[in-house]
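Here is how the chains run, residue by residue.
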Amino acid sequence: MSPFRPAVDAIEGYVPGEQPQETGWVKLNTNENPYPPSQQAIEAIVGKANDRLNVYPDPLARGFCQLVAEQMDLDPEWILPANGSDENLTILLRSFVEPGEQIACPYPSYILYETLAAIQGAGTQRLLLNADWSFDFAAAERTIANSKLVLVPNPNSPSGTKWSHDDLLRLVPPKGVFVLDEAYGAFADNPHDGSVLQSEAGRRIVMTRTVSKAFSLAGLRFGYAIAHPDLIRGMRKVKDSYNCDALAIAGATAALADTEWLTETTAKIRATRRRLSAALAELGFEVTPSQANFVWVTHPDRNHQSIYQSLKENRVLIRYMQYPEAPAFGAHGLDGLRITIGTDAEIDRFLDVLRIVLGRDSTSNV
Ligand SMILES: *Cc1c(COP(=O)(O)O)cnc(C)c1O
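Just so you know, these numbers come straight off a predicted model, no measurement behind them.

What counts, and where the lines are drawn
Residues numbered from 1 in each chain as written. Predicted model: local features only at pLDDT ≥ 70, side-chain atom pairs only at ≥ 80, totals over all residues. Heavy atoms only, no water. Buried < 20%, exposed > 50% of the residue type's maximum accessible area, 1.4 Å probe, protein only. Helix = DSSP H or I, 4+ residues; strand = E, 2+ residues; numbered from the N terminus. Pairing = 2+ DSSP bridges. Core = buried A, V, L, I, M, F, W, Y, C linked by side-chain atoms within 4.5 Å. Domains from an automatic or database assignment. Contact = heavy atoms within 4.5 Å. Buried area = accessible area lost by both parts, 1.4 Å probe. Salt bridge = Lys/Arg side-chain N within 4 Å of Asp/Glu carboxyl O. Axes fitted to C-alpha atoms, helices over the stretch in contact; angles between N-to-C directions. Near = heavy atom within 4 Å. Polar contact = N/O pair within 3.5 Å; in protein donor to acceptor, adjacent residues only side chain to side chain. Areas by Shrake-Rupley, 256 points an atom, 1.4 Å probe, with all protein chains shown as cover. UniProt positions renumbered as here; feature names shortened; annotations may be inferred. Arc of directions from axis to C-beta.

### Remarks on the pairing of strand 12 (residues 319-323)
Working step 1: Burial runs high along strand 12: four of the five residues are buried.
Working step 2: In this structure, strand 12 lies alongside strand 13 (residues 334-340), joined through five bridges in antiparallel fashion. From the neighbouring strand, Tyr-320 faces strand 13, where its bridge partner is Leu-337.

Printed below as a string of structure tokens:
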């Protein structure tokens, strides 16, 4: 007999994108930022490495909270740092959802939410998106009536599309908490601000952000939640006492302080996003207009999985994704390719290999 809880035995476990540890790959599969992080962040990490690593870090990372509070014109009590946004998502599930209760999230979207709910013994009700990635509000409003947590990434993954604040506010569950996952917020043409928190429903909204994507610090593991202190106080009781390590706190604080680096880097990514989107459209792909650091494409008559595979054989890694239970996109749901915005040189290499792959397949398939 298995010693595990039935909820654990029942799940597959979340499968993150491939992370080859050797160099020589063009890696466009897990939405990392291709540019090196702020030099100030690196210096802060090195400085901290030489400064009393024998003692525990500040359990509340108050210096970091102070900085975000100043930048967002809030009190530091509104901020909860964590070991990556994924830890904050786990804290949210453990804080607000009992086994047997329901969460809701859009589909197709970030699949980790469903895995975290399953680990907690909770169920997921999917908010099935229309083919233009909009919400079916009539259906959604019925679904969220009994949701303890509604989780929505904005911009969404894999589409890169962004919903308006008005749309999101319609999804705040009447008896639960709304989680606005802003992992990709800084890449939008109009980057995110905290204004939804000031709305009438704001006391039941939690925003989550991370330094993994926009700040080029995925290897550091640091994210933070922003919400009314009534929510943050309860969530703090659930976290590990020292959930953020001293190096991560130092690096993340310096990274957020270097606003010039963020402005420059996100501008470069947006410019490459425009160029990549145009090139893919030229090659016959249907390109979903993106507000994130990746683009979602489908091709009207090519096999997506074999394009992915052929690229991989040439050491170019992108993501092939399948969402079989998305009826609005067709009888077999949706599948397609998600390509992270790399450096200009990486995108040129990707496009070169892609052109060869498409040309070769068209001659061999006739
Ligand atoms: C990458 C990602 C996260 C996780 O961020 P970490 O801080 O690296 O844990 C959360 N949500 C979405 C939608 C993401 O794409």
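After presenting the structure, the write-up continues.
### A short note on the nonpolar core
Across soluble globular proteins, you tend to see nonpolar side chains buried next to one another.
Working step 1: Grouped together as the largest cluster of nonpolar side chains are 87 residues, with contacts concentrated most on Phe-64, Leu-280 and Phe-350.
Working step 2: Of all the elements, helix 12 (residues 344-365) adds the most residues to this core, at seven residues.
Working step 3: Both of domain 1 (6-35 + 260-357) and domain 2 (39-258) provide at least three residues apiece to this core.
Working step 4: Counting residues in hydrophobic clusters, the runner-up holds 24 residues, among them Tyr-113, Ala-122, Val-206 and Ala-227.

### Examining the domain arrangement of the protein chain
Working step 1: What the domain assignment reports for the protein chain is domain 1 (6-35 + 260-357) and domain 2 (39-258).
Working step 2: Computed over C-alpha atoms only, the centres of domain 1 and domain 2 are separated by 23 Å.
Working step 3: Each partner contributes residues to the interface: domain 1 has 34 residues there, and domain 2 has 37 residues.
Working step 4: In this assembly, domain 1 packs against domain 2 so that about 2900 Å² is buried in total across both faces, 62% of it on carbon and sulfur atoms.
Working step 5: A salt bridge links Asp-189 to Arg-273; the shortest N-O distance between them is 3.1 Å.
Working step 6: Counting residues per element, the ones that place at least two in the side of domain 1 that touches domain 2 are helix 10 (259-282), strand 10 (294-298), strand 12 and strand 13.
Working step 7: Considering every element that reaches the side of domain 1 that touches domain 2, the biggest residue donor is helix 10, with seven residues.

### Some details on the pattern of salt bridges
Working step 1: The final tally for this structure, using the stated rule, is 17 salt bridges.
Working step 2: Between Arg-233 and Asp-230 there is a salt bridge, and its shortest N-O distance comes to 2.6 Å. Taken together, the residues span about one helical turn, with Arg-233 and Asp-230 both in helix 8 (residues 229-238) at a distance of three residues.
Working step 3: Classification of Asp-230 by relative accessible area gives partly exposed; the value is 44%.
Working step 4: Salt bridges linked by common partners bring Lys-48, Asp-51 and Arg-52 together as one network.

### Things to note about the sheet that holds strand 8 (residues 223-226)
Working step 1: Taken in spatial order, the seven strands line up as 2-8-7-6-5-3-4 in an open sheet, and their pairing is mixed. At either margin of the open sheet sits one strand with a lone partner, and together these are strand 2 (79-82) and strand 4 (123-128). On average, each strand axis in the sheet is tilted by 25° relative to the strand beside it, whichever way the strands run.
Working step 2: In terms of strand pairing, strand 3 (residues 102-107) meets strand 4 through six bridges, oriented parallel. Note that in strand 4 the partner of Cys-105 across the bridge is Arg-126.
Working step 3: The strands touched by helix 3 (residues 62-72) are strand 2, strand 7 (205-210) and strand 8; relative to strand 2, the strand with the most contacts, the crossing angle is about 130°.

### Some words on the site of the ligand
Working step 1: As a matter of local geometry, the ligand sits amid Gly-84, Ser-85, Asp-86, Tyr-110, Pro-153, Asp-181, Ala-183, Tyr-184, Thr-210, Ser-212, Lys-213 and Arg-221.
Working step 2: Contact distances for the ligand include 2.6 Å between an oxygen atom and a backbone N or O atom of Ser-85.
Working step 3: Interatomic distance of 2.6 Å between a side-chain N/O atom of Ser-212 and an oxygen atom of the ligand.
Working step 4: Notes on the ligand: free accessible area 390 Å², of which the protein chains cover 93%.

### Overview of the UniProt feature "domain: Aminotransferase class I/classII large" (unreviewed entry) in the protein chain
Working step 1: Within this structure's numbering, the places UniProt gives as "domain: Aminotransferase class I/classII large" (unreviewed entry) are residues 24-354.
Working step 2: Taken as a whole, residues 24-354 contains 37% helix and 18% strand, while its terminal C-alpha atoms sit 17 Å from one another.

### Points about helix 2 (residues 39-49)
Working step 1: Restricting attention to buried positions, one finds in helix 2 the residues Ala-41, Ile-45 and Lys-48. All buried residues of helix 2 lie within an arc of 70° about the axis, which places them on one face of the element.
Working step 2: Summarising the contacts, the buried residues of helix 2 are in contact with helix 9 (246-257).
Working step 3: The N-capping residue of helix 2, defined by a side-chain oxygen 3.1 Å from the backbone nitrogen of Gln-40, is Ser-38.

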